[in-house]
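Observations on the model geometry
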Amino acid sequence: MNRRTFLKAGAAAVGGLAASHLAFAAEAEILLSPGEPGAVINPHIYGHFIEHLGGVIYDGVWVGRDSSIPNVDGIRKQFVDDMKRIGAPNLRWPGGCFADGYHWRDGIGKASGRPRTYNFWQRRMPAGIDATETNQFGIHEFMHLCRLIGAEPYVAANVGSGTPSEFHDWVSYCNAPAGTLSLADERAANGDPQPFGIRYWGVGNESWGCGGAMRPEEYATKYRQFVTQFPNYTDPFLVATGPRGHSVDGDIGWTTGFFEAMHGFEPPLGFSLHFYTDLRPTPLKAGDFKGPEWYEVLLRGLRLDKVIDDHWKEMGKFDAAHRTKLVIDEWGVWYAPGSEIAPSYILSETITLRDAVHTGMTFDIFNRHAEKIAMANVAQSVNCIHSLFVAQGDKFVRTPVYHVFDMYRSHMGARQVPVSNPVADLNVPVLAGQARLPGLSASASIRDRRVTLTLTNPSLDSSLSLRVRFAGGARATEARASALTHSDMRATNTFADPDEVKPAAHPVRVVADGLELNLPRQAVVLVECAIT
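The present account deals with the structure reproduced in this document. These numbers were taken from a predicted model, which means no experiment stands behind them.

Brief notes about the state of the cysteines
On inspection of all chains with the given rule, the structure shows one disulfide. Between the sulfur atoms of Cys97 and its disulfide mate Cys210 the distance is 2.1 Å. What sets the handedness of the Cys97 and Cys210 disulfide is the S-S torsion sign, and at about -85 degrees it is left-handed. Residue Cys97 is located in the loop between β5 (90-93) and α3 (139-149), and its partner Cys210 is located in the loop between β7 (200-203) and α6 (216-227); the two are separated by 113 residues in the primary sequence.

The following block contains the structure:
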C-alpha cells in the first residue's frame, strides 16, 4: 500500500491537532509525553542466551585455549568484544533443553579429566554426526565469559533429570563465601576463591516439554521442592517455568494451573514465558522469500503483545500486587531447516533484514510493557536462530539483528515514555491472503532530559513522512538519527560481505514544535534528542 494514499486519513486520525502542524506534508504525526514517564525499562530486557547446541558454545563462544583464533582463555575474543560493545546485561546458560540433562559437576576440575557425556540435541543431529558433550565449557568458563562481557549470569538448573540436592550443591558451590563450606573450598581449588554471586536462577526449563513433560501442578510441586531449602548466600531471583506462549491458545492453562497449585506458598519473582515466531510448520524459508512471507513473519511476531497481556492478567488473578514479573527468556524467529551454516550447526539459519525489523518491533513491545517484564533473552546469541553473530572457525560476522540491539541500547535503564501512535494500518499480503499490520512500530524513553525514540517502518512499498510532537510544552534542542535498511528485503551479512546491512546516519530536523523525518521503507530508525 502506498503511503501517499492515506495522507488525508493520517491527518484526520490525529484529531484535534492543528492543520499547521502538517505543513511538512507529514503523512502521520505521533505524540510523545516525556513529562509523564512510566516504568523503568529494565536493562535485562535486552538479554542473551547461549546453549550447548550445534555451533553455539563450541566454535561460537568457545574456541579453546590452544586455538589460533584470537581468544581470552579459550573464549572467542570477537564475541566478547561485540557483546561488551552493546552492553549485554545478562547471559542465560546452559540451556534450553540441554539444561535438564546437564549435571554441573561434569564441567568442573581439570579440563583433561572432564567426562564426555550425552547431549540432548543428539536426536536432532544429521546421520553420522554426534553431539557428544566434551564439558570443556563449564561453570567457571561461563563465569569468566560473563565477567569479560560485564553481564549478569542467569543459570538454568536441571529439574528434569536432577535433584534438589544437586541444585543446592551447585548454588552453594557458586555462591558460598570462601572458607565457609567444603564446596567453596572446592571452587577455590578450581581457580575461583571468590564466590560467583549468581542471583538469577531458572528452576528448570520448558517443564511442560523437554524439561520433564509435566503438568503445571506437577511442576509447581517440583518447584517448591527445589527452592524451599535454597542456599541463600546471595539474594536470589528465582524464575519458575512458564508457558509456551506461541501455542495456538497461548498456553494460558499452564499459567492458571501453576499459580493455582502455588496458592498458599511463596510465588517466584520471575515466571518464564517462551515465545517463538514459529514458522517451522510452514514452507517459509529463512533467506529466500517474497513479500507475503516478509509480512507473515512480522504479523506472527506481533502476537507477543497480546500474549504478554493475557498472561499478565491471568497472573494478576492470583497475585494482585504483581510481585511476580514475566521473564521472556526465549524469543526469536524460528524457521524450518534449510539454511544451516554447516550440517552440525543445527538450528542455525540465515539472518536477514526481515529479522532485524522483527527485532525492532519486538523490542518496542517489550518497552511498552516495561512494568511487566523483568528480563528477556534472545534465542540465541550466536550460530542459532535469531542470532546476533555467525562464527565458523576464524570467520565471524555481525548479523543485521546485532545492529538493532546496538541501536536500542539507549533505552536500557531509561524510563518509558508514552507514545500516541495513530498511524494507519497497512493492508498487506500474507500466506493466507490479506491481513492488517500496524503501519508504524514505536517506543520511547527518557533519561536526564534526553529522549530515545525507536521507530520501525514495516512497509516494503513506501517510506513514511513523520512528525514527532512533544506534549506538555517540551521542545527539542538538537537531534540525531540513524537508520538500518537496505534496498533488498532479503539482504544479509556474510563472511564475504560483513557490512552489507548496517546502520547509517539519517536526517532529522528540529522544528518549533517537535521533529520531522522521513522513515525509509523496510527500516528500523533510532532518534535521540535533547529536550527542555
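Picking up after the structure, the text goes on.
Concerning the sheet that holds strand β24 (residues 514-519)
Read across the sheet, five strands follow the order β15-β1-β20-β24-β23 without closing on themselves; strand pairing throughout is mixed. Every interior strand has two partners, whereas the edge strands, β15 (419-420) and β23 (509-511), have only one. Pairing between strand β1 (residues 28-32) and β15: two bridges, direction antiparallel. Within β15, the position partnered with Leu32 by the bridge is Val419.

A short note on the sheet that holds strand β6 (residues 152-156)
Reading across the sheet, the eight strands line up as β2-β5-β6-β7-β8-β9-β10-β11 and stay open at both edges, with parallel pairing between neighbours. One side of each edge strand has no neighbouring strand; the edge strands of this open sheet are β2 (48-49) and β11 (373-378). One ladder, built from three bridges, connects β6 with β7; its direction is parallel. Counted as the bridge partner of Val155 is Trp201 from β7. In the packing of helix α4 (residues 164-175) onto the sheet, the strands contacted are β5, β6 and β7, and the crossing angle to β7 comes to about 170 degrees.

Some details on the pattern of salt bridges
Per the stated rule, a full pass over the model turns up 28 salt bridges. As a salt-bridge pair, Arg147 and Asp192 come within 2.9 Å of each other at their nearest N and O atoms. Taken as a pair, Arg147 in helix α3 and Asp192 in the loop between α5 (182-189) and β7 lie far apart in primary sequence, 45 residues in all. Assessed through its relative accessible area of 43%, Arg147 is described here as partly exposed. You can call Asp192 buried: its relative accessible area is 12%. The residue Lys306 makes a salt bridge to Asp310 at a minimum N-O spacing of 2.6 Å. You can see Lys306 and its partner Asp310 sitting in helix α9 (residues 303-316), four residues apart, about one turn around the helix.

Here we look at the packing of aromatic side chains
In this structure the tally under the stated criterion is 33 aromatic pairs. With a centroid separation of 6.0 Å and an interplanar angle of 35 degrees, the aromatic rings of Phe167 and Phe226 are classed as tilted. Here Phe167, found in helix α4, pairs with Phe226, found in helix α6; they are 59 residues apart in sequence, far enough to count as distant. Residue Phe167 is classed as buried on the basis of its relative accessible area, which comes to 3%. Both rings, one in Phe389 and one in Tyr402, keep their centres 5.4 Å apart while their planes meet at 50 degrees; by these two values the pair is tilted. Of this pair, Phe389 sits in strand β12 (residues 389-392) while Tyr402 is found in helix α11 (residues 400-408), placing the two residues 13 residues apart along the sequence. The residue whose ring lies beneath Arg280 is Trp334, and the NZ or CZ to ring-centre distance is 3.7 Å.

A short note on the nonpolar core
Ranked by size, the top nonpolar core spans 120 residues in total, and within it Phe79, Ile139, Leu145, Trp201, Phe258 and Phe366 carry the most contacts. It is helix α10 (residues 353-368) that provides the largest number of residues to this core, a total of seven residues.

Considering α5
Among all positions of α5, only Leu183, Ala184 and Arg187 are buried. Buried residues of α5 fall within an arc of 100 degrees about the axis and therefore sit on the same side. Opposite the buried face of α5, by more than 90 degrees, sit the exposed residues Ser182 and Ala189. If you follow the buried residues of α5, they end up packed against α3 and α4. Of the residues trailing α5, Gly191 is marked for its positive phi of about 115 degrees.

A closer look at the pairing of strand β8 (residues 237-240)
Going residue by residue along β8, you find Phe237 and Val239 tucked away on one face and Leu238 and Ala240 tucked away on the opposite face as well. Sheet topology places β7 next to β8; four bridges connect them, and they run parallel. Across the sheet, residue Val203 finds its bridge partner in β8, namely Ala240. The parallel pair β7 and β8 is bridged by α6, and the resulting crossover is right-handed. As defined by bridge partners, β8 adjoins strand β9 (residues 270-278) across two bridges and the pair is classed as parallel. Opposite Ala240, over in β9, you have Phe271 as the bridge partner.

Focus: the side chain of Glu29
Its location among the elements puts Glu29 in strand β1. Residue classification places Glu29 among the buried positions, given a relative accessible area of 2%. Within polar-contact distance, the side chain of Glu29 engages the side chain of Arg469 at 2.8 Å.

Here we look at the packing of α10 against α11
Their axes nearest at 8 Å, the elements α10 and α11 cross at an angle of 30 degrees. As summarised for this structure, α10 and α11 are arranged roughly parallel, according to the angle between their axes. In the packing of α10 onto α11, the handedness of the crossing is right-handed. Contacts from Leu353, Asp355, Ala356, Thr359, Gly360, Phe363, Asp364 and Asn367 in α10 reach Pro400, Val401, Val404, Phe405 and Tyr408 in α11. Looking at the contact of α10 with α11 residue by residue, the classes come out as eight nonpolar, three polar and two charged.

Here we look at α11
Counting buried residues along α11, nine of its nine residues qualify, which places the element largely inside the surrounding structure. For α11, the full list of buried residues reads Pro400, Val401, Tyr402, His403, Val404, Phe405, Asp406, Met407 and Tyr408.

Calculation criteria
- Residue positions are given per chain, counting from 1 as you read along its sequence in written order.
- Reporting of local features is limited, given that this is a predicted model, to residues whose pLDDT is at least 70; pairs of side-chain atoms are given and counted only at 80 or more, and all residues count toward the totals for whole chains, interfaces and linings.
- Side-chain calculation: all heavy atoms of the structure are included, whereas hydrogens and water are not.
- When two cysteine sulfur atoms are found within 2.5 Å, that pair is recorded as a disulfide.
- Each helix is a run of DSSP H or I of at least 4 residues and each strand a run of E of at least 2, with the numbering of both proceeding from the N terminus.
- The pairing criterion for strands is at least two bridges between them, as found by DSSP.
- The contact definition used throughout considers only heavy atoms, calling two residues in contact when any of these lie within 4.5 Å.
- All axes are obtained by fitting lines to C-alpha atoms, using only the stretch in contact for helices, and the reported angles, taken between N-to-C directions, cover 0 to 180 degrees.
- For this analysis, a salt bridge means a side-chain nitrogen from Lys or Arg found within 4 Å of a carboxyl oxygen belonging to Asp or Glu.
- For every residue, the accessible area (1.4 Å probe, protein chains only) is compared with the maximum for its type, and the residue is labelled buried under 20%, exposed over 50%, or partly exposed between those bounds.
- Aromatic rings from Phe, Tyr and Trp, with only the six-membered ring used for Trp, were paired whenever their centres fell within 6.5 Å, and each pair was classed as stacked if the ring planes differed by under 30 degrees, edge-to-face if by over 60, and tilted otherwise.
- Whether a charge lies above a ring is judged from NZ of Lys or CZ of Arg, which has to be within 6 Å of the ring centre and within 35 degrees of the ring normal.
- Buried residues of nine kinds, namely Ala, Val, Leu, Ile, Met, Phe, Trp, Tyr and Cys, make up a nonpolar core once their side-chain atoms join them within 4.5 Å.
- This arc is built from the directions going out from the helix axis to the C-beta atoms.
- When the strands point away from the viewer, a crossover counts as right-handed if the route from the first strand across the helix to the second turns clockwise.
- Distance and chemistry together define a polar contact, namely a pair of N or O atoms within 3.5 Å, with one atom able to donate a hydrogen and the other to accept it when in protein, and with adjacent residues in sequence counting only for side-chain atoms on both sides.
- Convention used here: angles under 35 degrees read as roughly parallel, angles over 145 as roughly antiparallel, angles from 65 to 115 as roughly perpendicular, and any remaining angle as oblique.
- Less than a right angle of anticlockwise turn of the near helix away from the far helix marks a crossing as left-handed, whereas a clockwise turn marks it as right-handed.
- The residue classification treats Ala, Val, Leu, Ile, Met, Phe, Trp, Tyr, Cys and Pro as nonpolar and Asp, Glu, Lys and Arg as charged. All others, Gly included, are polar.

Interpretation note: all reported values are geometric properties and have no functional meaning in isolation.
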